[in-house]
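Structural description and commentary
Single-letter residue listing:
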Amino acid sequence: MTIQYRNRLLAGAALIVMLAAAPVSAAEAAVEAAVEADAGEGDVAEIVVLGQGQARQVQEIAAADIALEVAGISPLKAIDKLPGVNFQAADPFGAYEWSSRISIRGFAQQQLGFTLDGVPLGDMSYGNHNGLHISRAIISENVGRVEVAQGAGSLGAASSSNLGGTIEFFSRAPAEAFGVEASGTYGSEDTKRAFVRIDSGAIGANGPRLSLSYAWADADKWKGDGVQRQHQVNARIVQPVGDGQFFGFVNYSDRAENDYQDLSAGMIDRLGYRWDNFAKDWDTAVRVAKIYQNQVARAAFNAGVANGSLPLGAVFTAPYAGVGEAFPAPVASVDDAYYDASGLRKDWLAGVGVEAPLNEFWTLNAMGYYHGNKGRGLWFTPYVTTPGGAPMTIRTTEYHIERYGIVASSLFTLGDHKIELGMWYEDNDFNQARRFYGLADTAGAPSRGSLKFPKDPLATQWNFDFNTQTLQYHVQDTLDLGRFQINSGWKGLRVTNLATPIVRGGLAAGRTEAKDWFLPQTGLLYRVNDDNEVFASYTENMRAFESSATGGPFATTQAGFDALDLKPETSTTYELGFRTKSPRFQGVIAGYYVDFKDRIIAFANGSGIQGNPAILQNVGDVRSWGVEAAGTFRVTPQLSLFASYAYNDSEYRDDVVNAAGAIVAATAGKTVVNSPKHLAKGEITWDDGSFFARVGANYTGKRYYSFENDAEVGGFVIVDASIGYRLNDRISVQANATNLFDKEYVSTIGTNGFANRGDNQTLLAGAPQQFFVTLKAGF
């Protein structure tokens, strides 16, 4: 870290310390007394917790905050207001997985860590290879809290990808008393959703407690034709034993969603934000596909004439008569629209474990888990035809995961020391295949649908078995000396990946390993007084290689794989911050500096539907630095304000060069893709016990979607709002509006990767204004 950056961080912390030391006025003191009386204790009972007592930058969102959002929202969208967090999606719920993207401090989703009750969720990528998305792992109403560590995640977090932060989700435990809660939602685009949860309460004296939940959702797309559907079941049991407990859980998800068409800036200018795929207009999709095949045949004919492989006087005959070679307006390219596309996922997630205080000095936690997944990503592709049938096929990427693992830790309390030892082991078998399924030459509608798993493929382009073995351990000591608290420890991680081809299809096979047995983390907390504290941390992390044919080092040719200088991505993070709290206000400001080495980037190679192998390069180093601030101010016992701001400067330090030393991409000094410099969020919340309302605004700055920064999407502000009334303790009604002012904007970027330069069909439009009403009841 340079002296300049150190001085900026120190100056920022010193400024906040001085401001926090300023006395409050007598008028403020009167309001504080009312707030204290309302809260029932000295501090405001907030639903956003800013990490008091932690020696690192961390915040927490509670279930009460998620409940104010539209029912069924992804917990990722709920945490978007936290400093440094950038979340985008093309649907109002943030649950549409093709579009769902989260980044923190310039680190992409694949460089973050995610867990649910300690169970690793992998990197939650769409082409899931080592986990599953949180929207499938648990019903949103069952999320008890979400903890976000922007830089130094917990040493014990079971993740092999948490370079830039960790997001840990925690479920609601079965209730102590019997109860039933239910809700129903209806809204824009014929959205229908139902949720019910039953808690058994304690069955007998010291008996087990169970909870069983079911959620169903069905919504039309906001543009084009298609649906987004999901069935979910969550079951959990807890058996108290002394001061500890045994527990078990089973979660199931069946999700089917039609995709929105990926756009480019040029397409938006030409076709508009509401342009989408052709469905249900099968006949137009067939016509465009036939025209494209005629164009391909014409290009081959012209090339044959030019190179002399065709005889003089040869006459061109189009393979499809009667449609010509020009696309119907406004279509200008075969990639403007396809007939349809979809994502299908079925998941089982289960685990059993124990939390056992064995004596006053020793606590043992252990859990075994299982995850099974079957999935398909479908695209009606005009690039491959059905022999004797339609001028299209259905192209799939097929997924099958079988993961088993164990997470365990022991906590020893020895005087002022709390020493934790832990381990995580996982064995992940992942099969991935690319197949094509035939379509009959029909009129009016296709012979296969997009929301069912297809059978009887025409061809398999590639098929791989991947095995990933992960072993992680950690050691940590927390020493509390009153004013000072020191957290110090390290973790070790080894991940081995083996790619075995069944059908090679031109892709790479082989073995990779990422290993570092000493990744240290140190944190220091200094309590200035009961209300103010300074924290600092230092963390080293490593990201393992991905085992997949659509991402990571195996997603290229064998020659490309063999030529790669394969080194795992690593990061070193420095943090310095200050927190303050009072009966009316809690706030935090933090500065950070990150050295990111051996950044591997994948250059898009053709349109996404073609599925061409990515071009992988080690871009070298990335440097990030920034400042984050957040605060909650309780104006009255009923009225509160929340705001956060983050400035992040992430840039590539090196150009990408080939083996001959020539520049492939001039990335040195360029801003990291999908890394806005400015993020600002604000909320106003009112709750008097009966009537409640909230309005929030979210500003996202300019983002680049080419590595050389010549393609960008502009900044935007999105406003969401909610209003509701509690008839009594059991019944309430709530209305939500998303994108209240109907802003047209680009939400997700990078759906089909990033190109070196220029425009690219890798953007998704954000959802327009939407309204929803939810009725909640319980007893």
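Residues numbered from 1 in each chain as written. Predicted model: local features only at pLDDT ≥ 70, side-chain atom pairs only at ≥ 80, totals over all residues. Heavy atoms only, no water.

1. Considerations on the overall build of the protein
Looking only at helices and strands, the protein features eight helices and 36 strands. Scaling as 2.2 N^0.38, a compact globule of 779 residues should have a C-alpha radius of gyration of about 28 Å, and the protein matches this with 27 Å. Its C-alpha atoms give the protein principal-axis dimensions of roughly 95 × 60 × 50 Å. Sorting the 779 residues of the protein into buried and exposed places 54% on the buried side. A separation threshold of at least 6 residues defines the contact pool for the protein, and within that pool the share at least 24 residues apart is 68%. (Helix = DSSP H or I, 4+ residues; strand = E, 2+ residues; numbered from the N terminus. Rg over C-alpha atoms; globule rule 2.2 N^0.38 Å. Buried < 20%, exposed > 50% of the residue type's maximum accessible area, 1.4 Å probe, protein only. Contact = heavy atoms within 4.5 Å.)

2. Comments concerning the environment of E181
Inspection of the secondary structure assignment puts E181 in strand β9 (residues 179-187). Residues E181 and R730, 549 residues apart in the sequence, show an inter-C-alpha distance of 8.5 Å. When near neighbours in sequence (up to four residues on either side) are disregarded, E181 contacts R172, F195, V196, R197, A777 and G778. One polar contact links E181 to R172, side chain to side chain, over a distance of 2.7 Å. (Polar contact = N/O pair within 3.5 Å; in protein donor to acceptor, adjacent residues only side chain to side chain.)

3. Quick notes on the sheet that holds strand β1 (residues 48-49)
Strand order in this open sheet of six strands is β1-β2-β7-β8-β5-β6, and the pairing throughout is mixed. Across the chains shown, the open sheet's two edge strands, defined by having one partner strand only, are β1 and β6 (119-120). Pairing geometry for strand β7 (residues 143-149) and strand β8 (residues 166-171), over six bridges, is antiparallel. Paired with V148 across the bridge in β8 is I167. (Pairing = 2+ DSSP bridges.)

4. Here we look at the pairing of strand β17 (residues 417-438)
In the sheet, strand β16 (residues 393-414) pairs with β17 via 22 bridges, with the strands oriented antiparallel. When the bridges of β17 are listed, A408 appears paired with M423. A loop of two residues connects β16 with β17, the two strands running antiparallel in sequence, and G415 in this loop sits at a positive phi of about 65°. Summarising the sheet, β17 and strand β18 (residues 459-480) pair through 20 bridges and their orientation is antiparallel.

5. Here's the deal with helix α7 (residues 282-307)
Across its 26 residues, α7 extends 38 Å between first and last C-alpha, which sits within 8% of the 38 Å expected from 1.5 Å per residue. Of the positions making up α7, those classed as buried are W282, A285, V286, V288, A289, I291, Y292, Q293, N294, F301 and G304. For α7, the secondary structure elements touched by its buried residues are β15 (362-381). Note on α7: the residue one or two positions beyond its end, G308, has a positive phi of about 85°. (Expected span 1.5 Å × (residues − 1).)

6. Re the side chain of R193
Note on placement: R193 falls in strand β10 (residues 191-199). A distance of 2.6 Å separates the side chain of R193 from the side chain of E141, its partner in a polar contact.

7. Quick word on the pairing of strand β20 (residues 510-527)
In terms of strand pairing, strand β19 (residues 484-503) meets β20 through 15 bridges, oriented antiparallel. What sits directly across from N497, in β20, is T512. With seven bridges connecting them, β20 and strand β21 (residues 532-543) associate as antiparallel partners. Across the sheet, the residue bridging to G523 is S537, located in β21. Linking β20 back to β21 in an antiparallel pair, the connection comprises four residues.

8. Overview of the nonpolar core
Within the largest apolar cluster, 125 residues are counted, with the highest numbers of intra-cluster contacts made by L76, I79 and I167. No other element matches the seven residues that α7 contributes to this core. Excluding its chain neighbours within four sequence positions, the residues that come into contact with I79 are I61, V85, I102, V146, V148 and I167. (Core = buried A, V, L, I, M, F, W, Y, C linked by side-chain atoms within 4.5 Å.)

9. A look at the environment of V296
Here V296 shows up in helix α7. Separated by 87 residues in sequence, V296 and Y383 have C-alpha atoms that sit 9.7 Å apart.

10. Quick look at empty space enclosed by the protein
Picture a little ball the size of a water molecule; that probe, rolled over the atoms, points out where space is still empty. Evaluated as defined, the whole model comprises 10 cavities of 30 Å³ or more. Space inside the largest cavity adds up to approximately 540 Å³. What lines the largest cavity is a set of 35 residues, among which K77, D80, N698, I718 and D720 lie closest to the centre. Contributing elements (two or more residues each) for the lining of the largest cavity: α4 (75-78), β3 (85-88), β28 (678-687), β29 (691-700), β32 (716-726) and β33 (731-738). When its residues are assigned to classes, the lining of the largest cavity shows 16 nonpolar, 10 polar and nine charged. (1 Å grid on protein atoms, 1.4 Å probe; cavity = no way out; pocket = protein on both sides within 12 Å on 5 of 7 lines; lining within 4 Å. Points joined across faces, edges and corners; volume = space filled by probe spheres on them. Nonpolar A, V, L, I, M, F, W, Y, C, P; charged D, E, K, R; others polar.)

11. With respect to the packing of aromatic side chains
Tallied over the full model, the rule gives 30 aromatic pairs. For the pair Y399 and F430, a centre-to-centre distance of 6.4 Å together with 15° between the ring planes defines the contact as stacked. Highlighted residues: Y399 in strand β16 and F430 in strand β17, separated in sequence by 31 residues. Ring pairs connect the aromatic residues Y399, F430, F464, F466, F554 and F561, which therefore count as one cluster. K81 extends its terminal NZ or CZ atom over the ring of F642, reaching a point 5.4 Å from the ring centre. (Phe/Tyr/Trp six-rings, centres within 6.5 Å; stacked < 30°, edge-to-face > 60°. Lys NZ or Arg CZ within 6 Å of the ring centre and 35° of its normal.)

12. Some remarks on unusual backbone geometry
Geometrically, the link from A279 to K280 is a cis peptide bond, its omega value of 10° lying close to zero. By secondary structure assignment, the location of K280 is in the loop between α6 (265-271) and α7. With a phi close to 55°, N674 is a non-glycine residue in the positive phi region.

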